[in-house]
Amino acid sequence: MGVPWSQECPGTAAGGPCRSCPQPPWSLGGVCPPPCPHPRLPRDAAIPVPGALQVAEVQDGVQESLRRVQQGKAESLSERDRAELKRRKLLLEVTLKSYWIRKGSAFSTAVARQETELTPEMIATGSWRQRPFKPYNFSALGLPPACGHDPPDTVAPRFTEMPTDNFVESSFWNFDALFQPQQHPARDQHDTFFLQDPAEAPELPAGYTAKVKKVHSQGGYGSQGYKYEWRLEEARRNLLRTHTTSASARVLYQLARQEKFSPVKYFSIDRVFRNESLDATHLAEFHQVEGVVADRGLTLGHLMGTLRQFFTKLGITQLRFKPAYNPYTEPSMEVFSYHKGEGAPGGLRSVCA
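Residues numbered from 1 in each chain as written. Predicted model: local features only at pLDDT ≥ 70, side-chain atom pairs only at ≥ 80, totals over all residues. Heavy atoms only, no water.

S.K.: Help me out: how do you make sense of the pattern of salt bridges in this one?
M.R.: Opposite charge on two side chains lets them pair, provided their charged atoms get close. Taken as a whole, this structure holds 15 salt bridges when the rule is applied. With a shortest N-O distance of 3.5 Å, Arg 131 and Glu 115 are connected by a salt bridge. Here the residue Arg 131 occupies a position in the loop between helix H3 (120-125) and strand E1 (160-161), and Glu 115 occupies one in the loop between helix H2 (79-87) and H3, the gap between them amounting to 16 residues. Residue Arg 131 is classed as partly exposed on the basis of its relative accessible area, which comes to 37%. The class for Glu 115 is buried, based on a relative accessible area of 12%. Through salt bridges with shared partners, one network takes in Glu 79, Arg 82, Lys 86 and Glu 93. (Salt bridge = Lys/Arg side-chain N within 4 Å of Asp/Glu carboxyl O. Helix = DSSP H or I, 4+ residues; strand = E, 2+ residues; numbered from the N terminus. Buried < 20%, exposed > 50% of the residue type's maximum accessible area, 1.4 Å probe, protein only.)

S.K.: Looking at this structure, I do not really get a negative patch on the surface. What am I missing?
M.R.: A surface patch of negative charge is lined by Asp 188, Asp 191, Glu 276 and Asp 279. Checked against the element boundaries, Asp 279 lands in the loop between strand E4 (264-273) and strand E5 (285-294). (Patch = residues over 30% accessible without salt bridge, like charges linked within 9 Å, V, L, I, M, F, W, Y side chains within 5 Å. Areas by Shrake-Rupley, 256 points an atom, 1.4 Å probe, with all protein chains shown as cover. Lys, Arg positive; Asp, Glu negative; His and termini not counted. Charge placed at Lys NZ, Arg CZ, Asp CG, Glu CD.)

S.K.: What am I meant to see in the nonpolar core here?
M.R.: Side chains of a nonpolar character, in soluble globular proteins, are inclined to be buried together. Counting 12 residues, the largest nonpolar core consists of Phe 172, Trp 173, Ala 177, Leu 178, Leu 204, Val 212, Tyr 228, Trp 230, Ala 235, Ala 249, Tyr 253 and Tyr 328. Of all the secondary structure elements, the ones that give two or more residues to this core are helix H4 (171-174) and helix H7 (245-256). Filtering out sequence-adjacent residues up to four positions away, Trp 173 remains in contact with Leu 178, Pro 205, Tyr 208, Ser 246, Ala 249, Arg 250 and Tyr 253. (Core = buried A, V, L, I, M, F, W, Y, C linked by side-chain atoms within 4.5 Å. Contact = heavy atoms within 4.5 Å.)

S.K.: Quick question: what am I supposed to make of the sheet that holds E5 here?
M.R.: Two pairing modes exist for strands in a sheet, parallel and antiparallel, and in both the strands are linked by backbone hydrogen bonds. The three strands are arranged E1-E4-E5 in an open sheet whose pairing can be described as mixed. Edge positions in the sheet fall to E1 and E5, since each has one partner strand and no second. Strand contacts of H7: E4 and E5, with the helix running at about 25° to E5, the strand carrying the most contacts. (Pairing = 2+ DSSP bridges. Axes fitted to C-alpha atoms, helices over the stretch in contact; angles between N-to-C directions.)

S.K.: Quick question: what am I supposed to make of the environment of Asn 275 here?
M.R.: On the secondary structure map, Asn 275 appears in the loop between E4 and E5. Through-space distance from the C-alpha of Asn 275 to that of Gln 189 is 7.6 Å; in sequence the pair is 86 residues apart. Filtering out sequence-adjacent residues up to four positions away, Asn 275 remains in contact with Gln 189, His 190, Asp 191, Thr 192 and Phe 193.

S.K.: Got a minute to help me understand the pairing of E4 in this structure?
M.R.: A regular strand carries its side chains on alternate faces of the sheet. In terms of burial, E4 is a largely internal element, seven of the 10 residues being buried. Here E1 runs beside E4; their pairing, made up of two bridges, is parallel. Among the inter-strand pairings, Thr 160 is bridged to a residue of E4, identified as Tyr 266. Note: E4 against E5, 10 bridges, orientation antiparallel. Bridge pairing links Val 272 to Phe 286 in E5.

S.K.: Help me understand the confidence of the model for the protein in this model?
M.R.: Detailed reading of the predicted model is not advised wherever pLDDT is low. In the predicted model, the protein carries a mean pLDDT of 81, and 77% of its residues have values of at least 70. Scored below 50 in pLDDT, residues 8-16 shows 18 contacts in the model against residues more than four places distant or in partner chains. Note that residues 25-29 has pLDDT below 50 and, in this model, nine contacts with residues that lie over four places away or in other chains. (pLDDT = per-residue confidence, 0-100.)

S.K.: Any chance you could explain the side chain of Glu 234 here in plain terms?
M.R.: Here Glu 234 lies in helix H6 (residues 232-235). In this structure Glu 234 comes out as buried when scored by relative accessible area, which is 10%. Among residues more than four places away in sequence, those in contact with Glu 234 are Ser 171, Gln 182 and Arg 187.

S.K.: Could you clarify how one ought to interpret the packing of aromatic side chains in this entry?
M.R.: Each aromatic ring pair is described using two quantities: the centre-to-centre distance and the angle formed by the ring planes. In the structure shown here, the tally under the stated rule is nine aromatic pairs. Taking the centre distance of 5.3 Å and the plane angle of 80° together, the rings of Phe 310 and Phe 311 count as edge-to-face. Taking relative accessible area as the criterion, Phe 311 reaches 10% and is therefore assigned buried. Connected via pairs of aromatic rings, a cluster forms that spans Phe 172, Trp 173, Tyr 208 and Tyr 253. Geometry around Phe 194 places Arg 237 over its ring, the cationic atom sitting 3.9 Å from the centre. (Phe/Tyr/Trp six-rings, centres within 6.5 Å; stacked < 30°, edge-to-face > 60°. Lys NZ or Arg CZ within 6 Å of the ring centre and 35° of its normal.)

Laid out in structure tokens, this is it:
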């Protein structure tokens, strides 16, 4: 252990350097090249070493540092000495971590899943008393909203909001008053949520119901109708409204009952419900924006100008209008837009009566 020149030949401990080695001992600092099978001279024998400095013993600092490490006193070495030993790969520092484990207050041999919600079933059965609940972190910051803007100033000053607080609607106002035939696919249970209790609406406006029935079965007002037997039982079925146009139909009905007609502008933003298959882009409910303008002398150009101004306030300027068919409006059109921020076209349906 130590530098090579401080290590002696095996025979040196009992005698002096060897004289028979082919290489002079002083060329190796007084050390014979191993192995050395030759006899040893006494240590006190005088060996002339030309030009060599005679010292009593060799001071080996590396050997002393390693000896202190071996004795468990590595902390007494200076940082410089430890760095030098590690550089020469004579020292390897290893960090050992130890843990003390003891049973806590919540120790259990079984893994219990913590509940995150308190359901009505837990309250009714009282099982919430025995179930562990995951604590809420009220200090956690929520995700910042991706958007949030003031409403467009094209709507609020000039339009009046329609009453849209009735989520449960009759098929009459949701379909029949909009002249959708009773055998239309949209009235199937795969597309609409029908109620079981109460299953039917208590009453419908008698005079207006008779007019709607006549247009469906016989025609009128320039229409030939659908030529089928219209049933009151189907019109009274309750459902979760599939569009806010049912509220528009009610408002227009009340407007027609006034003695003197006055132009109006209505809008609504509220929830509607569809029996959709849930996925990443579809839910069973969504919000619909709707507007109604009733006046004399209106043309299709008025509607196109209103829609263009409305979408321009939303930052959507690239619009295309296409004629379309809807059973409750004539003429009808669809609006297609392209938003640069989204990078993809989108369809926006709008109708004109």
